[in-house]
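Residue-level structural notes
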Amino acid sequence: MNAPSSPATSAGHIARLGQAWHAISPRERRLVLIATGVVLVGLVVNLLDWSHSQRGRLARSLPRAEAQLEQVQEAATELTRLRGQAAPQRAAGPALLDAAQASAKSRGLGLALQATGDGLQIKGQASLDAFVDWLAVLQRDQGLRVQRLEIQGQGGTAGIDAVLVKSD
């Protein structure tokens with residue numbers, strides 16, 4: 001590995017290049033100058049071609065980036081709107097039991113519900129699809145989540161034993 005050139009060494013190299021330049025014939029000097037010009041023109045053309053291709057790539061990706069920006073801005077606006085809305089009122093205590101019983105009855109679920117300290121005990125028989133839909137509604141509307149769930153299939157219905165608790 002070569003050590004970095006000192007100013008004295010660089011001056012020596014330049015002096016040798018000058019001597020070599022003057023040692024060649026005028027015809028060879030012209031050829032070296034022409035070759036240097038061709039190399040420089042090639043470099044400039046290559047740089048311009050690269051610049052043109054990058055500009056084209058950016059021009060193609062800009063509309064896509066603008067569309068993504070618009071989607072993000074719309075999502076941010078929607079989030080701001082949703083954060084400004086009041087959280088839905090969720091029932092508690094006996095009101096929670098009444099709301100859950102009314103919801104189950106409206107869906108035709110034959111379930112016995114009982115209030116526990118922080119949620120509901122559910123037992124009975126129901127269509128599994130209807131029961132799962134009802135659980136999703138309870139989670140969304142009342143903030144209840146499944147703590148324990150036992151299901152036993154019995155023909156078109158399922159025997160259900162579950163405990164739901166408040167998730168807030």
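In what follows, the accompanying structure is described. Worth saying up front: this structure is predicted, and the values here are computed from it rather than measured. Within every chain, residues take consecutive numbers counted from 1 along the sequence as written. Residue-level local features of this predicted model are given only where pLDDT is at least 70; pairs of side-chain atoms are given and counted only at 80 or more, and the full residue set underlies all totals for whole chains, interfaces and linings. The basis for every side-chain value is the complete set of heavy atoms in the structure, and neither hydrogens nor water enter the calculation.

Structural notes on the overall build of the protein chain
Under the convention used in this document: Elements are defined by DSSP. Helices are runs of H or I of four residues or more, strands are runs of E of two residues or more, and each kind is numbered from the N terminus. Radius of gyration: C-alpha atoms only; globule rule: 2.2 Å multiplied by the number of residues to the exponent 0.38. Burial classes follow relative accessibility: with a 1.4 Å probe on protein chains only, a residue under 20% of its type's maximum area counts as buried, one over 50% as exposed, and anything between as partly exposed. In what follows, residue pairs with any heavy atoms lying within 4.5 Å of each other are defined as contacts. Every accessible area reported is derived by Shrake-Rupley at a probe size of 1.4 Å, with residue values counting cover from the shown protein chains alone.
When helices and strands are tallied, the protein chain shows four helices and four strands. The secondary structure elements of the protein chain, listed N-terminal to C-terminal, are α-α-α-β-β-α-β-β. Its C-alpha atoms give the protein chain a radius of gyration of 40 Å, clearly above 15 Å, the size a compact globule of 168 residues would have. The principal-axis extent of the C-alpha atoms belonging to the protein chain is close to 110 × 40 × 40 Å. Per-residue burial over the protein chain gives 18% buried out of 168 residues. Contacts spanning at least 24 positions in sequence make up 48% of the contacts within the protein chain whose residues lie at least 6 apart. As displayed, the protein chain offers around 12500 Å² of accessible surface, 60% of which is attributable to carbon and sulfur atoms.

Observations regarding the pattern of salt bridges
When the charged atoms of two side chains lie near each other, side chains of opposite charge can form a pair. Stated formally: Here, a salt bridge means any Lys or Arg side-chain nitrogen found within 4 Å of an Asp or Glu carboxyl oxygen.
Within this structure, the stated rule accounts for four salt bridges. A salt bridge links Arg81 to Glu78, with the nearest nitrogen and oxygen atoms 2.5 Å apart. Of this pair, Arg81 and Glu78 both sit in helix H2 (residues 26-84), separated by three residues, roughly a single helical turn. Here Glu150 makes a salt bridge to Arg148, at a shortest N to O gap of 3.1 Å. Residues joined by salt bridges that share partners form a network here, namely Arg148, Glu150 and Asp161.

Quick look at the sheet that holds strand E4 (residues 157-166)
Under the convention used in this document: The pairing criterion is simple: DSSP has to find at least two bridges between the two strands. Only the stretch in contact is used when a helix axis is fitted, and all axes are lines through C-alpha atoms; the angle between N-to-C directions ranges over 0 to 180 degrees.
Strands sit in the order E1-E2-E4-E3 across an open sheet of four strands; the sheet is antiparallel. Since the sheet does not close on itself, it has two edges, and those belong to strand E1 (110-115) and strand E3 (144-154), each with one partner. Each neighbouring strand pair of the sheet contributes to a mean axis angle of 10°, computed without reference to strand direction. Here E3 runs beside E4; their pairing, made up of ten bridges, is antiparallel. Bridging across to E4, Gln152 finds its partner in Gly159.

Regarding the nonpolar core
This is how the line gets drawn: To form a nonpolar core, buried Ala, Val, Leu, Ile, Met, Phe, Trp, Tyr and Cys residues must be joined to one another through side-chain atoms within 4.5 Å.
Core analysis: the largest hydrophobic core is formed by 18 residues, its most contacted members being Leu111, Leu113, Leu120, Ile122, Phe131 and Trp134. Once residues lying within four places of it in the same chain are set aside, the contact partners of Phe131 are Leu109, Leu111, Ile122, Leu149, Ile160 and Ala162.

Digging into the side chain of Asp161
The criterion, for reference: Any pair of N or O atoms that falls within 3.5 Å is considered a polar contact. Within protein, one atom must be able to donate a hydrogen and the other to accept it, and sequence-neighbouring residues count only if both atoms are side-chain atoms.
Tracing the chain through its elements places Asp161 in strand E4. A polar side-chain atom of Asp161 sits 3.3 Å from a polar atom in the side chain of Arg148. Ignoring anything within four residues of it in the chain, the contact list for Asp161 reads Gln121, Ile122, Lys123, Arg148, Leu149 and Glu150.

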